[in-house]
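# A closer look at the structure
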Amino acid sequence: MFSQLSEETLLVCQCPQTCSIIESVIPHASCANIKVLMEAFSQDWIQACTDKCSSHVVQKAITAVPNFITEKLKGFEFSGEADDSDETYLIQSVLGLTECCLENIEDCLTNLHMSHILRALFQVLGGVCVRDSENVQKSKKTQNYGKRFREPDGMWFFNFFQDDIADDY
């Protein structure tokens, strides 16, 4: 699945129906799979991180990175020749995104979607993880976001496509 994503990653992740699927398989992805996503997002971090759908995939990918890089970080040299491993690429991607956030810090702090990615970056760089089950204060807008995508019977998707088809005619 991830190899097919390599060409249209950003477009697929910007779609509300497919981004939740991608987001749900990230915890089961390999290091090479996460690399495919990060390569696509690094082409334009701002576009990937400010979109209401793809930002969730970026955030989930960032939180998956520590699972693959912990052993590599023990011997990683920031000043020197880097190898071509997937783990090294993930480290460099996180650092590249961090640099992008620092350059655009005002936009990162004020953009709803980018601020979530910034929080994930802080957690990864700081080596801590705040679980969703912990008592974290979230705005009403954030709490309600995505509820319509989580219909237990999947009818929202069906109704969405029906409305979309009706609009075309």
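The following paragraphs examine the structure supplied in this document. Remember, it's a predicted structure, so these values are computed and weren't measured experimentally.

### Re the nonpolar core
Counting residues in hydrophobic clusters, the biggest one holds 36 residues, and the most contacted among them are M38, F41 and I62. Contributions of two or more residues to this core are made by α2 (9-13), α3 (16-25), α4 (31-42), α5 (45-50), α6 (54-64), α8 (86-103) and α10 (112-126). The residues touching F41, leaving out its near neighbours within four places in the chain, are T9, L10, C13, A48, V57 and V58.

### Structural notes on the pattern of salt bridges
Tallying each qualifying case throughout the model produces 2 salt bridges. In this structure, E39 engages K35 in a salt bridge whose closest nitrogen and oxygen atoms are separated by 3.9 Å. Residue E39 and its partner K35 are both found in helix α4; the two are separated by 4 residues, about one turn of the helix. In this structure, the salt-bridge partner of K35 is D86, at a minimum N-O distance of 3.3 Å. Separated by 51 residues along the polypeptide, K35 in helix α4 and D86 in helix α8 bring together distant segments of the chain. Judged by relative accessible area, D86 falls into the partly exposed class, the value being 23%. Several salt bridges share partner residues, and in doing so they unite K35, E39 and D86 into one network.

### Regarding a nonpolar patch on the surface
Nonpolar side chains collect at one region of the surface, where L102, I105 and L109 lie side by side and expose about 310 Å² of accessible area between them. Considering the arrangement of structural elements, one finds I105 in helix α9 (residues 105-110). Taking relative accessible area as the criterion, I105 reaches 36% and is therefore assigned partly exposed.

### A few points about the packing of aromatic side chains
Per the stated rule, a full pass over the model turns up 0 aromatic pairs. Of note, K35 hangs over the ring of Y89, and the distance from its end group to the ring centre comes to 5.4 Å.

### Remarks on α10
Count 3.6 residues to each turn of an α-helix, and residues three or four apart come out pointing the same way. Taking 1.5 Å of rise per residue, 15 residues should cover 21 Å, and α10 covers 21 Å from first to last C-alpha, within 8% of that figure. Restricting attention to buried positions, one finds in α10 the residues H113, M114, H116, I117, L118, A120, L121, Q123 and V124. Where α10 begins, the capping side chain belongs to N111, and its oxygen is found 2.9 Å from the backbone nitrogen of H113. Just downstream of α10, G127 is the residue with a positive phi angle, here 75°.

### Here's the deal with the packing of α3 against α6
Look at α3 against α6: their axes get within 9 Å of each other, and the N-to-C directions meet at 5°. In terms of their interaxial angle, α3 and α6 are classed as roughly parallel. Two secondary-structure elements touch here, α3 through C19, I22 and E23 and α6 through H56, V57 and K60. Along the lines of polarity and charge, the residues of the contact of α3 with α6 split into 3 nonpolar, 1 polar and 2 charged.

Parameters and conventions
Residues numbered from 1 in each chain as written. Predicted model: local features only at pLDDT ≥ 70, side-chain atom pairs only at ≥ 80, totals over all residues. Heavy atoms only, no water. Core = buried A, V, L, I, M, F, W, Y, C linked by side-chain atoms within 4.5 Å. Buried < 20%, exposed > 50% of the residue type's maximum accessible area, 1.4 Å probe, protein only. Helix = DSSP H or I, 4+ residues; strand = E, 2+ residues; numbered from the N terminus. Contact = heavy atoms within 4.5 Å. Salt bridge = Lys/Arg side-chain N within 4 Å of Asp/Glu carboxyl O. Patch = residues over 30% accessible without salt bridge, like charges linked within 9 Å, V, L, I, M, F, W, Y side chains within 5 Å. Areas by Shrake-Rupley, 256 points an atom, 1.4 Å probe, with all protein chains shown as cover. Phe/Tyr/Trp six-rings, centres within 6.5 Å; stacked < 30°, edge-to-face > 60°. Lys NZ or Arg CZ within 6 Å of the ring centre and 35° of its normal. Expected span 1.5 Å × (residues − 1). Polar contact = N/O pair within 3.5 Å; in protein donor to acceptor, adjacent residues only side chain to side chain. Axes fitted to C-alpha atoms, helices over the stretch in contact; angles between N-to-C directions. Parallel < 35°, antiparallel > 145°, perpendicular 65-115°, else oblique. Nonpolar A, V, L, I, M, F, W, Y, C, P; charged D, E, K, R; others polar.

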